Amino acid sequence: MLTTLQTPYSDTRAADLAWALGREPLPALAVLDLDLAGARLQMRLLGASHQVLLEEDRGTCSETVACIPGSSTPLPLGVAKRLGAWEYEFAARVETLSAGSFAGRAQELLALVTDHPHGLAGTFPGSPHAFTAMLAQRTEGQVRWRTWHAYPQEGQLVVTRTRVGVRMPAAAL
């Protein structure tokens, strides 16, 4: 699903993004509700930010990547945590691209997400390459999502990937 977000950038630079787990739902500009084989997933676009809310019989998970006033947790390169019965893994990277490469990558990503039944993308007025996009799937008992936050004025693309799945019991020694 592709939508035009009727708002100016709320995050102005890739370096302004922060990561948080467990936040309450924030006001969203666009929302996609999915049922992924019993897992209820809500993808939320918050301007140039995102929030994912996952609910399943085993528990809930809330991931937010946004400019969070007063946050002391910058966007980490990687996180691995136990959340009740789940293992949570998060990874992020920043790609810096030339103007031409950025435009091509933006078009590819928007086409991928727009045509996917579990995809949500929002573009901003004024630049066809200013967007936030999300894509989710469930495979082998795990829920996974990827996000892309585009900052064309900097030539930067923030890419995240998350995996949430059942904790595997430790092997007996």
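Structure report, in brief. Each residue is numbered by its place in its chain's sequence as written, counting from 1. In keeping with the model being predicted, local features are shown solely for residues with a pLDDT of at least 70 and side-chain atom pairs are shown and tallied solely at 80 or more, while totals for entire chains, interfaces and linings include all residues. Heavy atoms from the whole structure form the basis of all side-chain values; hydrogens and water molecules are not counted.

### Considering helix H1 (residues 99–114)
Where we set the bar: Counting from the N terminus, the helices are the DSSP runs of H or I reaching at least four residues and the strands are the DSSP runs of E reaching at least two. One less than the number of residues in a helix, times 1.5 Å, gives the span that helix is expected to have. Any residue under 20% of the maximum accessible area for its type is buried, any over 50% is exposed, and the rest in between are partly exposed; the area is computed with a 1.4 Å probe on protein chains only. Throughout, the arc means that of the directions going from the helix axis to the C-beta atoms. We call two residues contacting when some pair of their heavy atoms lies within 4.5 Å.
For H1, spanning 16 residues, the distance from its first C-alpha to its last is 22 Å, which sits close to the expected 22 Å at 1.5 Å a residue. Regarding H1, the residues found buried are Phe102, Ala103, Ala106, Leu109, Leu110 and Val113. Summarising the axial view, the buried residues of H1 lie within an arc of 135°, below the 170-degree limit, and thus occupy one face. Facing away from the buried side of H1, by more than 90 degrees, are the exposed residues Gly100, Gln107 and Glu108. Of the surrounding elements, those touching the buried residues of H1 are strand E1 (2–4), strand E9 (119–124), strand E10 (127–139), strand E11 (142–151) and strand E12 (156–166).

### Thoughts on the side chain of Thr64
So the rule is basically this: Polar contacts here mean pairs of N or O atoms no more than 3.5 Å apart (in protein, one a potential hydrogen donor and the other a potential acceptor; neighbouring residues in sequence count only if both atoms are side-chain atoms).
Turning to its location among the elements, Thr64 is positioned in strand E6 (residues 59–66). Of note is the side chain of Thr64, whose polar atom sits 3.0 Å from the side chain of Gln51. Beyond its immediate chain neighbours, meaning those up to four positions away, Thr64 contacts Ala18, Trp19, Ala20, Arg23, Leu26, Leu46, His50 and Gln51.

### Quick notes on the packing of aromatic side chains
Just so we agree on the cut-off: Each Phe, Tyr or Trp ring, with Trp reduced to its six-membered ring, pairs with another whose centre is within 6.5 Å; inter-plane angles below 30 degrees give stacked pairs, above 60 give edge-to-face pairs, and intermediate values give tilted ones.
Under the criterion given, the structure shown has 2 aromatic pairs. For the ring pair Trp19 and Tyr88, a centre distance of 6.3 Å and an interplane angle of 35° mean the geometry is tilted. Separated by 69 residues along the polypeptide, Trp19 in strand E2 (residues 18–21) and Tyr88 in strand E8 (residues 86–96) bring together distant segments of the chain. Accessibility assignment for this pair places Trp19 and Tyr88 in one class, buried. On the numbers, 5.9 Å between centres and 35° between planes, the contact of Trp19 with Phe90 is tilted. Residue Trp19 is found in strand E2, and its partner Phe90 is found in strand E8; the two are separated by 71 residues along the sequence. When its relative accessible area of 2% is taken as the criterion, Phe90 is described as buried.

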